[in-house]
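Breakdown of the fold
Okay, here's what each chain looks like letter by letter:
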Amino acid sequence: MLKEPESMDECVYFTNRIVGEKGSIKCWVLRNKCPKCGKGLMEKPRDPKTGNFKIRSEEYVCPECGYTVNKDEYAETLIASIKYVCPKCNYSGEIEVPFKRKSVSRLNEETGKRESVKALPFECAKCKNKMLVTQKMK
Ligand SMILES: [Zn+2]
Ligand SMILES: [Zn+2]
């Protein structure tokens with residue numbers, strides 16, 4: 001069983017959505033420990049005046065030792081946990097995949113055209129239906 005986060009503060013990313021008529025995808029990525037000191041949880045730098053996270057920062061920083069890493073480099077080390085109900089076969093499963101977005105082509109249901117999106121692709125363990133987790137990292 002995958003461990004679900006207790007609060008949003010533990011997550012780099014969280015999404016919970018309905019897919020089709022009966023499917024659903026819940027995906028979250030827990031924050032990583034600092035690769036240098038192994039104590040702090042990497043987070044966005046805080047504004048020294050307000051104490052709030054600088055959401056748009058391109059870097060993550062360790063609050064314990066100050067180790068700083070680029071956002072993309074940090075994302076490479078993360079693991080996404082996914083719980084899903086497959087919209088095709090109704091199978092409910094869970095999977096862990098590297099949190100690496102790929103450019104995938106999909107049909108935009110509103111326009112009817114194919115478009116390229118950045119997404120985290122994964123397959124249903126039972127019917128191999130391909131599902132996508134799209135959305136930006138916060
Ligand atoms: Zn550290
Ligand atoms: Zn399936």
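Everything below is about the structure shown above.
Values in this document were obtained by computation on a predicted structure and should not be read as measured data.

**Remarks on the nonpolar core**
Ranked by internal contacts, the top residues of the largest apolar core, which has 16 residues, are Ile25, Cys27, Val29, Ala80 and Ile82. Listed by contribution, the elements that provide at least two residues to this core are strand S1 (11–19), strand S2 (23–30), strand S5 (79–85), strand S8 (114–123) and strand S9 (130–134). For this core, the leading source of residues is S2, giving 4 residues. With 6 residues, the next largest nonpolar core counts Cys34, Tyr60, Val61 and Tyr74 among its residues.

**Regarding unusual backbone geometry**
Despite not being glycine, Asn90 shows a phi value in the positive range, around 70°. Mapped onto the elements of the fold, Asn90 is located in the loop between S5 and strand S6 (92–98). Note on Asn90: 12 C-beta atoms within 10 Å, which makes it exposed. Positive phi, normally seen in glycine, also occurs at Lys128, with a value near 65°. Counting through the fold element by element, Lys128 comes out in the loop between S8 and S9. Given 10 C-beta atoms within 10 Å, Lys128 falls into the exposed group.

Thresholds, definitions, all that
- Residues numbered from 1 in each chain as written.
- Chains lettered and ligands numbered in written order.
- Predicted model: local features only at pLDDT ≥ 70, side-chain atom pairs only at ≥ 80, totals over all residues.
- Core = buried A, V, L, I, M, F, W, Y, C linked by C-beta atoms within 7 Å.
- Buried ≥ 20, exposed ≤ 12 C-beta atoms within 10 Å, placed from the backbone.
- Helix = DSSP H or I, 4+ residues; strand = E, 2+ residues; numbered from the N terminus.

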